[in-house]
Number of protein chains: 2
Amino acid sequence: MFYHELNPKIDYSRSNLRWNAWGANDQDFGRKSQMPEILKLLQREFNLNSIRETPAVALEDIKLPNGKLSASDIKNLSGIVGKNNLKTDRLERVFHSAGKSYYDVLRLHTNTLKSFVDGVIYPKKDSEIIKVLEYCSKNKITVIPFGGGSSVVGGLEVIKGKGQKAVLSLDMTEMTELISFDPISMTATFQAGIYGPKLEYGLNLKGYTLGHFPQSFEYSTLGGWVAARSAGQQSNRYGKIEEIISSVKLISPNGVVETLRAPAASIGPDWNQIIAGSEGLLGVISEVTIKIHRIPETRKYFGLVFPDILSSINFIRKANHEEIKTSMLRLSDANETRLYEYLGELGKKNTAGRKFKKFLQNSYLKWVGIGGNKCVVLVGLDGSRTEVDRSFNSLKNLWKKGGAIYAGEKLGQNWIHSRYNMPFLRNHIMQFGMGVDTMETSTTYDRLEDLHKAGIESLQNSIPSSIAMCHLSHSYHDGACLYYTILFPMDEKKPEDQWFKMKRMVSDTFHAHKAPISHHHGVGFDHKKWYQSGLGKPGIDALNGLKKSLDQKEILNPGKLFHS
Amino acid sequence: MFYHELNPKIDYSRSNLRWNAWGANDQDFGRKSQMPEILKLLQREFNLNSIRETPAVALEDIKLPNGKLSASDIKNLSGIVGKNNLKTDRLERVFHSAGKSYYDVLRLHTNTLKSFVDGVIYPKKDSEIIKVLEYCSKNKITVIPFGGGSSVVGGLEVIKGKGQKAVLSLDMTEMTELISFDPISMTATFQAGIYGPKLEYGLNLKGYTLGHFPQSFEYSTLGGWVAARSAGQQSNRYGKIEEIISSVKLISPNGVVETLRAPAASIGPDWNQIIAGSEGLLGVISEVTIKIHRIPETRKYFGLVFPDILSSINFIRKANHEEIKTSMLRLSDANETRLYEYLGELGKKNTAGRKFKKFLQNSYLKWVGIGGNKCVVLVGLDGSRTEVDRSFNSLKNLWKKGGAIYAGEKLGQNWIHSRYNMPFLRNHIMQFGMGVDTMETSTTYDRLEDLHKAGIESLQNSIPSSIAMCHLSHSYHDGACLYYTILFPMDEKKPEDQWFKMKRMVSDTFHAHKAPISHHHGVGFDHKKWYQSGLGKPGIDALNGLKKSLDQKEILNPGKLFHS
């Protein structure tokens, strides 16, 4: 039995991965055949007269400057990792010069990306990483650690450090070994370059799961998850990645920091929690020990329909405060609920029978007080049959009090089936003058409703013809995450400025509400301004003091996060 | 209803607190009347011919050097906090010059403590802390932040920073306000100087609990808990303090670092987890927002008797892996079980009836395979009646499989009743040439049994006539804490050397097993060597880089933790 729809057969060879879009060439959007209808739907929502074609530029046409690594650098770096593991060809350089944010893909699409790495190095073991960092420190070469390359916050923006001459991408994906496996303590140690599905598949074969399924799961790595503090969709059960790690090994230019494999300790500032979120600025994460779990006996994923957002927030809050075990409580606000409903109708014939069924459904909803503000909450339960039944019954009490109705398991199954699929939609709509981006934050329950509203308003004000919506996908004792999606017609003349404005307005809103600039995407380059302002100068200066000790020459991922 | 035996009426005025022993003058060991019998029991265990009296030196006789604060310092510092809040008298200086470790108390007892603070300052608000740190940075005065003063790891050892002229204790216990209370998100914000019982009492009055009950609870503060990463006895349910905090305010000489009140975030290294465990080296913790809980409907605490340590470890491990909700799983090893049994018999008349009952009990235990290696596990359950019943039944399956027998709720009630009382025993035995100390660590389940044994052996080898025992008081998904107690006859000539040897041998053992030097006591001065060696130079240097940015003049608690 394999857990949660992993696809262990993805071919990650660089020639099979899209350099300017999401995913592998042989993977695609599951509803590709419905693209014409989806585009029409968006055209209507955006009030567009026509749909324009905006094809991407070809790889050969990307304006790629000559690489800045000298012949001697290439010889010496090749000497460390072997000739085949240092790459300077066009595909490798372009693939490693951006992440997968809308802004990244837009620039690749339109040939406006300006900075590129000069080479890519693939170490196979720790000793090679140590030598590479030593060489680059001595020879003024910036190093950007690279996992799956799925950053959506400019974490891979190519910024050369001050006084440095070239930029090297350090790609970890050849370091994928299972180093140790401890079924007694339920932990496993992996090299950090392993992709999600390969790690999960390896554990599943032994009867275990990591349970960490971020939306990027298929194209992100263990080390990347830790570096960016990612959250899996079942984080209510398994925790965010920073709660899952038991120990970490970080290779810095000043030496190795490796935390003890212990369940808890009282030994100064917690290095696991310094390394988690370090985004490549402090060193290269080379090994991670993670907590693992037995694959649950069963699961039950189902939908609920609530009258409005406040009743659904209260349901989620109470489920957390009553400590009811769930894997996922995923609330779609009224806008997202409406869009998913439209999408769900696509491809279905509007017969008289269907129309009548729909009429009855809506009449019933109206009768129980659920109207145009309705919100769907998807509930995920994993565990033993007893546990799942128990949680279901405890939740039922809550949702009935909240005025919700049970909407069945089909919604849940559909979600599971398409959980990693939405990023592929962007690949298609960007060919037709449309864009999509996501922003996320978190706050305490007392402020959730206000911040939800303010976030939506700022998005809609930033691009008036857009569709802005939000879901609440991770919840805790004291609050929850808010995850916004905006779909919009790309500005024909200045699409980058359009994006800057949108990003700025929503980020200012988060900041004004004293909410963090990210719940699980990270800071990178794009969120730096708001992150630094939120933490304040003393904290930022102190982190730079920490960095300068580990990375004296400041070669590691400069210009991001806390680094000016 | 008040939760977990708090005593909200302790008088914390300095004249009522023991300066050279545990607790307040009007609080004492609950079984004080049995002290003669307890001393006889220990005499027999230690093979002592006689019990010698070792009374403590009087406060007036403590060799206290003249204070090094100049008249101008005193005037300026008084100017910041008011005349009454700067103290330089004998009692205040001595009280603030040591923690409560055996080594601290031994030195006060025998008049061998060498370093004393020169004054004590009691700020009442953040702005005063800021001014005090500014003044001391400019005027070369070391500052040691002080909470309850209950450190048992030399966290308050008076070490003057290099080139500094005087040492000031910064006592936080006048900062005790409830700043905000949020029942929706279930959080509360307190000033950090509040003592455990006052904080818990304030919450109980509103129907809430923090659920954090370290053994030092009655004499420790919120800020101290965070600074040292303390663990409460119900940590299985409520978490260690670093899991309980939602946000923290740290006042450093370089300015304020205050974390956002958010349930989770992806914004770089986690400052909550840098500040937790910072032990006064990075700044003064002035405010903490903590997660709170409704007072549970009911509780059930009971004992189980297992045949040996492995079967009891496996029970605890499986209870964690099956995610059965517990507040406490507290395993006493065979030695501790035996000692508690002896103590339990004290004061009871050994009638023929009792002897026969005891004979029947032992025969039954033997018959079910439980003999001289038996271990008691105390189980604590708090929650709704349904939750408590459910956990009880799930655990019953496990303990039956583990060959344990149920030993009733009396054991649990006794434990609850005397939970904060054991530290008072030391006050008495140190008057009669006997000592007691505790050491703790943690490790993963696969290594627990080996480390348990090695720890006991190293303690027994360090002081051959001692009683060494261990309990396992906090457990997790991947492992548990080991908490050792050693009772011993004090060396008549060189009691300090005796303690150094014991501490060194057990610490070397933890270190050799790659286990942290502390699970919840902290590092301070006493554990510094092993902590630094366990983390390694790159990590230590980096933390000093962090410190130097926040505390440029290195005035804050120098010479401890990572600071050389």
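Residues numbered from 1 in each chain as written. Chains lettered and ligands numbered in written order. Predicted model: local features only at pLDDT ≥ 70, side-chain atom pairs only at ≥ 80, totals over all residues. Heavy atoms only, no water.

Participant: Any chance you could explain the overall build of chain A here in plain terms?
Facilitator: In terms of regular secondary structure, chain A is built from 20 helices and 18 strands. What you see for chain A is a C-alpha radius of gyration of 24 Å, in line with the 24 Å of a compact globule of 564 residues. Projected onto its principal axes, the C-alpha coordinates of chain A cover approximately 75 × 60 × 45 Å. Sequence separation of 24 or more characterises 78% of the internal contacts of chain A that already satisfy a separation of 6 or more. (Helix = DSSP H or I, 4+ residues; strand = E, 2+ residues; numbered from the N terminus. Rg over C-alpha atoms; globule rule 2.2 N^0.38 Å. Contact = heavy atoms within 4.5 Å.)

Participant: Explain helix α1 (residues 35–46) of chain B here, please?
Facilitator: One turn of the α-helix equals 3.6 residues, which is why residues spaced by three or four share an orientation. Residues and elements named next belong to chain B. Under the 1.5 Å per step criterion, the end-to-end length of α1 is 16 Å for 12 residues, consistent within 8% with the ideal 16 Å. Inspection of α1 places Met 35, Ile 38, Leu 39, Leu 41, Leu 42, Gln 43 and Phe 46 among the buried residues, and these make up the whole buried set. Buried-residue contacts for α1 involve α12 (334–345), α16 (422–429), β16 (434–444), β17 (467–472) and β18 (479–489). Positive backbone phi, at 60 degrees, marks Asn 47, one or two positions downstream of α1. (Expected span 1.5 Å × (residues − 1). Buried < 20%, exposed > 50% of the residue type's maximum accessible area, 1.4 Å probe, protein only.)

Participant: Which parts of the structure should I look at to understand the interface of chain A and chain B?
Facilitator: Interface size, as often reported, equals the accessible area lost upon joining of the parts. With 75 residues of chain A at the interface, the matching set in chain B holds 75 residues. Overall, the association of chain A and chain B removes approximately 6,000 Å² of surface from exposure, summing both partners, and the carbon and sulfur fraction of that is 60%. For the pair chain A and chain B, the interface holds four salt bridges. Its salt-bridge partner being Glu 323 of chain A, residue Arg 237 of chain B comes within 3.6 Å of it at the nearest N-O pair. At the boundary of chain A with chain B, the tally comes to 34 residue pairs in polar contact (both at pLDDT 80 or more). (Buried area = accessible area lost by both parts, 1.4 Å probe. Salt bridge = Lys/Arg side-chain N within 4 Å of Asp/Glu carboxyl O. Polar contact = N/O pair within 3.5 Å; in protein donor to acceptor, adjacent residues only side chain to side chain.)

Participant: Explanation requested: the domain arrangement of chain A in the structure shown.
Facilitator: All names here are of chain A. For chain A, the assigned domains read domain 1 (56–174), domain 2 (181–294) and domain 3 (298–419). Distance from the C-alpha centre of domain 2 to the C-alpha centre of domain 3: 32 Å. Domain 2 puts seven residues into the contact, and the matching count from domain 3 is nine residues. When domain 2 packs against domain 3, close to 750 Å² is buried across both sides, 33% of that on carbon and sulfur atoms. (Domains from an automatic or database assignment.)

Participant: Is there a simple way to think about the packing of helix α2 (residues 71–81) of chain A against helix α5 (residues 126–138) of chain A in this case?
Facilitator: The angle between the axes and the distance between the axes are what describe a pair of packed helices. All names here are of chain A. For the pair α2 and α5, the least separation of the axes is 9 Å and the interaxial angle reads 160 degrees. With respect to α5, the axis of α2 lies roughly antiparallel. Regarding α2 and α5, the two cross each other, and that crossing is right-handed. Residues Ser 72, Asp 73, Asn 76, Leu 77, Ile 80 and Val 81 of α2 lie in contact with α5, whose contacting residues are Glu 128, Lys 131, Val 132, Tyr 135 and Cys 136. Here the residues of the contact of α2 with α5 sort into six nonpolar, two polar and three charged. (Axes fitted to C-alpha atoms, helices over the stretch in contact; angles between N-to-C directions. Parallel < 35°, antiparallel > 145°, perpendicular 65-115°, else oblique. Left-handed = near helix turned anticlockwise from the far one by under 90°. Nonpolar A, V, L, I, M, F, W, Y, C, P; charged D, E, K, R; others polar.)

Participant: Looking at this structure, I do not really get the relation of the copies chain A and chain B. What am I missing?
Facilitator: Look at the two chain copies: a rotation about an axis and a shift along it is all it takes to match them. The transform that puts chain A on chain B rotates by 180 degrees and translates by 0.0 Å along the axis, for an RMSD of 0.0 Å. On this basis, the relationship between the two copies can be described by a two-fold rotation axis. Of the residues that chain A buries at the interface, 100% are likewise interface residues in chain B, meaning the two copies contact each other through the same surface. (Least-squares fit on C-alpha atoms with pLDDT ≥ 70 in both.)

Participant: Teacher, can you tell me more about the sheet that holds strand β10 (residues 284–291) of chain A here?
Facilitator: In a beta sheet, neighbouring strands are held together by backbone hydrogen bonds and run either parallel or antiparallel to one another. All names here are of chain A. In spatial order, the strands read β5-β6-β10-β8-β9; together these five strands make up an open sheet with antiparallel pairing. Looking along the sheet, the strands with just one partner apiece sit at the ends: β5 (178–182) and β9 (255–258). If you compare each strand with its neighbour and ignore which way they point, the axes differ by 10 degrees on average. For strand β8 (residues 245–252) and β10, the ladder comprises six bridges, and the chain directions are antiparallel. The residue bridging Ile 245 from the neighbouring strand is Ile 290, located in β10. (Pairing = 2+ DSSP bridges.)

Participant: Where do I start with the side chain of Asn 421 of chain B in this structure?
Facilitator: All names here are of chain B. Structurally, Asn 421 can be placed in the loop between α15 (410–417) and α16. Taking relative accessible area as the criterion, Asn 421 reaches 15% and is therefore assigned buried. Ignoring any residue separated from it by four or fewer positions in sequence, one finds Asn 421 in contact with Asp 28, Phe 29, Gly 30 and Arg 31.

Participant: Would you mind going over the sheet that holds strand β1 (residues 86–87) of chain B with me for this structure?
Facilitator: If you trace the four strands from one edge of the open sheet to the other, you get β1-β2-β4-β3 (chain B), paired in mixed fashion. The sheet terminates laterally at β1 and β3 (141–146) of chain B, the two strands that pair on one side only.

Participant: Explanation requested: the pattern of salt bridges in the structure shown.
Facilitator: If charged atoms from side chains of opposite charge come close, those side chains can pair. This model, assessed by the stated rule, comprises 46 salt bridges over all chains. One salt bridge in this structure joins Glu 157 of chain B and Arg 107 of chain B, with 2.9 Å as the shortest N-O distance. Taken together, the positions of Glu 157 of chain B in the loop between β3 and β4 (166–171) and Arg 107 of chain B in helix α4 (residues 102–110) put the pair 50 residues apart, joining distant regions of the chain. This pair shows no difference in class: Glu 157 of chain B is buried, exactly as Arg 107 of chain B is. A network of salt bridges, in which partner residues are shared, links Asp 104, Arg 107 and Glu 157 of chain A.

Participant: What is the right way to look at the UniProt feature "domain: FAD-binding PCMH-type" (unreviewed entry) in chain A in this model?
Facilitator: According to UniProt, the "domain: FAD-binding PCMH-type" (unreviewed entry) feature falls on residues 113–295 of chain A. Secondary structure across residues 113–295 of chain A comprises 23% helix and 27% strand; the distance between its end C-alpha atoms is 44 Å. (UniProt positions renumbered as here; feature names shortened; annotations may be inferred.)

Participant: It is not clear to me how the packing of aromatic side chains should be interpreted in this structure. Could you clarify?
Facilitator: Any two aromatic rings considered together are summarised by their centre-to-centre distance and by the angle between their planes. Tallying each qualifying case throughout the model produces 44 aromatic pairs over all chains. Judged by centre distance (6.2 Å) and plane angle (5 degrees), the ring pair of Tyr 301 of chain A and Trp 415 of chain A falls under stacked. Separated by 114 residues along the polypeptide, Tyr 301 of chain A in strand β12 (residues 298–306) and Trp 415 of chain A in helix α15 (residues 409–417) bring together distant segments of the chain. Both residues of the pair, Tyr 301 of chain A and Trp 415 of chain A, belong to the buried class. Seen from their ring centres, Phe 392 of chain A and Trp 399 of chain A are 5.4 Å apart, and the 75 degrees between their planes marks the pair as edge-to-face. For the cation-ring pair, Lys 300 of chain A lies above Phe 392 of chain A, with the distance from its terminal atom to the ring centre recorded as 4.7 Å. Sitting over the face of the ring of Tyr 342 of chain B, Arg 44 of chain B holds its NZ or CZ atom 5.9 Å from the ring centroid. (Phe/Tyr/Trp six-rings, centres within 6.5 Å; stacked < 30°, edge-to-face > 60°. Lys NZ or Arg CZ within 6 Å of the ring centre and 35° of its normal.)

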